[in-house]
Amino acid sequence: MELLKIPEIAALDTRRQIVRIPPETDVPLTDRVRLLIDTAEFRRLSRISQLGLVSLVYPAAHHSRFEHSLGVYRLALLYLRQLAGDARFAAAVSVEAAETLIAAALLHDIGHWPFCHAIEDIRLPGVPRHELFANSFLLESDLADVLREYWGINPRRIVALLSESPSGPTPRILKSILSGPIDIDKMDYLFRDSLHAGVPYGRHFDQQRLLGSLCLNSAGDRLAITDKGKTAAELMVFARYVMFSEVYWHHGVRAATAMLQRAFYMLHGQLDLDALFRLTEGPMIDELLRAAAGGPAEGLLLGLFGPVRQLYKRVAQYSFVEDGEVYSLLSRRPYPWLVACAERFAALAAKELGKVIAPDEVLFDAPPQAREVEFDVEIYFTKQNCFRSLGEVSPVVCTLAQRQFDDYVKRVRIFAHPRVACDLREMPHVNDLVAEAARQVG
């Protein structure tokens, strides 16, 4: 039980120093945790919203990555406290490894910049993965000094845990706690995003039941759950599915995302990306508007960040099960191809309608090339003394996780400027024009 003596885990019960986050949740602090969260690099997260453009549709969703990081850190402590009683876990994870996990949980989003996922998804040259962008914050800043001096942790161990493929049982266990089917990041963001968005979907799974069922898998190198947590895990799968369907991929959120992506695509060649990604949200928006002044990207950005909200309107949408042919034609294409296809569609539509449609007045939004990680986890059935995959014993998981989760919640959509959206929507042969545009682009 040496893990329970780690100061942060012990502080769960002593409650001598706490900070409160929604919903009425006390997060234990120690002196060395305070030193980390008071650095400029961590404070920066308080000025980067967790959900970015989602607040244009769900106006209360303004919570920060700072708040989320505190929530993930607290869950890391709860996971470790629960798993300390598992003999295999205690044998594999030393106090030193557990403290590395605690620091990594607190710092897991340190490389995020404003609107990070929307920008990463279009895979432009010079845009790093945020996990790799975090390295400069972790290795060349006050954070690094605090980790060395007060935690006794070489910052490169945090880098390895956050951004490298794990080798060996202990790194794989720690990685699965940070990033896996039932990881601390997912458990916090589903609940917290749902809370702030004002929707119930991400809160309808039993966190306590899931926590209480944590164990290691049959190989002893990743997280698993006992059969007591099966229903809670199924509800977490469903929560994730509905949050993507109703919040993250809501058509209004995706219209805003498509507008930002097209504006960034137009501007990225004239931007100092390293300097831009170190900015917080307000200054980054100001820099994008400065770079866009007088050009076509300006209108897109003003529709998002100007005094009047003006989102592009949905013209058509396609899914894996509805209009699957068009969906397959456009989904997971490289972003430059999507831009070229949208511009070609705009030209074809302008000719058919007999009116001018600017190339940037039509946007194609499609699932990105990278897929979401499938949600599956081993379950230990105590009476039978055996492990089975959750997907094997759960029709919910088999349907929502294993059968290409992305294809069911991430639709292909065509958006257009309000000036032309109605005319495009009423065209009788939109699908034929989309297919023709795709053939012409090649």
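This text follows the structure it describes.
Residues numbered from 1 in each chain as written. Predicted model: local features only at pLDDT ≥ 70, side-chain atom pairs only at ≥ 80, totals over all residues. Heavy atoms only, no water.

Caption draft 1: The arrangement of the overall build of the chain in detail. Counting its secondary structure elements, the chain contains 25 helices and 9 strands. For the chain, the C-alpha radius of gyration of 23 Å lies close to 22 Å, the compact-globule estimate for 442 residues. With the C-alpha coordinates aligned to their principal axes, the bounding extent of the chain is approximately 75 × 50 × 40 Å. The proportion of buried residues among the 442 residues of the chain is 56%. Averaged over its 50 positive side-chain charges, the chain has a centre that lies 3 Å from the centre of its 55 negative ones. (Helix = DSSP H or I, 4+ residues; strand = E, 2+ residues; numbered from the N terminus. Rg over C-alpha atoms; globule rule 2.2 N^0.38 Å. Buried < 20%, exposed > 50% of the residue type's maximum accessible area, 1.4 Å probe, protein only. Lys, Arg positive; Asp, Glu negative; His and termini not counted. Charge placed at Lys NZ, Arg CZ, Asp CG, Glu CD.)

Caption draft 2: Region of the structure containing the packing of aromatic side chains. Overall, the coordinates contain 14 aromatic pairs when judged by the stated rule. Relative to F66, the ring of F42 lies with its centre 5.1 Å away and its plane at 65°, an arrangement referred to as edge-to-face. In this pair, F42 is assigned in helix 3 (residues 40-43) and F66 in helix 4 (residues 65-83), connecting sequence segments 24 residues apart. Judged by its relative accessible area of 0%, F42 is buried. According to the relative accessible area criterion, F66 is buried, its value standing at 13%. Here F320 and Y327 contribute two aromatic rings whose centre-to-centre distance is 6.4 Å and whose plane-to-plane angle is 80°, an arrangement assigned as edge-to-face. On the accessibility criterion, F320 (40% relative accessible area) is partly exposed. Note on Y327: relative accessible area 2%, which makes it buried. Just above the ring of W337 sits the side chain of R333; from NZ or CZ to the centre is 3.9 Å. When the ring centre of F381 is taken as origin, the NZ or CZ atom of R388, which lies over that ring, is 5.3 Å away. (Phe/Tyr/Trp six-rings, centres within 6.5 Å; stacked < 30°, edge-to-face > 60°. Lys NZ or Arg CZ within 6 Å of the ring centre and 35° of its normal.)

Caption draft 3: Inspection of the pattern of salt bridges at higher detail. Evaluated as defined, the whole model comprises 22 salt bridges. One salt bridge connects E287 with R290, and the closest N-O pair in it is separated by 2.6 Å. Taken together, the residues E287 and R290, both in helix 17 (residues 281-292) and 3 residues apart, mark about one turn of the helix. Across the salt bridge formed by R439 and E436, the nearest N and O atoms sit 3.0 Å from each other. Taken together, the residues span about one helical turn, with R439 and E436 both in helix 25 (residues 430-441) at a distance of 3 residues. Note on E436: relative accessible area 26%, which makes it partly exposed. Among the ionic contacts, a cluster of salt bridges with common partners joins E8, R32 and E99. (Salt bridge = Lys/Arg side-chain N within 4 Å of Asp/Glu carboxyl O.)

Caption draft 4: View of the sheet that holds strand 4 (residues 223-226). Spatial ordering of the open sheet is given by 3-4-7-8, a layout of 4 strands whose pairing is mixed. Each end of this open sheet is capped by a strand with a single partner; those strands are strand 3 (214-216) and strand 8 (386-389). Here the average twist between neighbouring strands, direction ignored, is 40°. (Pairing = 2+ DSSP bridges. Axes fitted to C-alpha atoms, helices over the stretch in contact; angles between N-to-C directions.)

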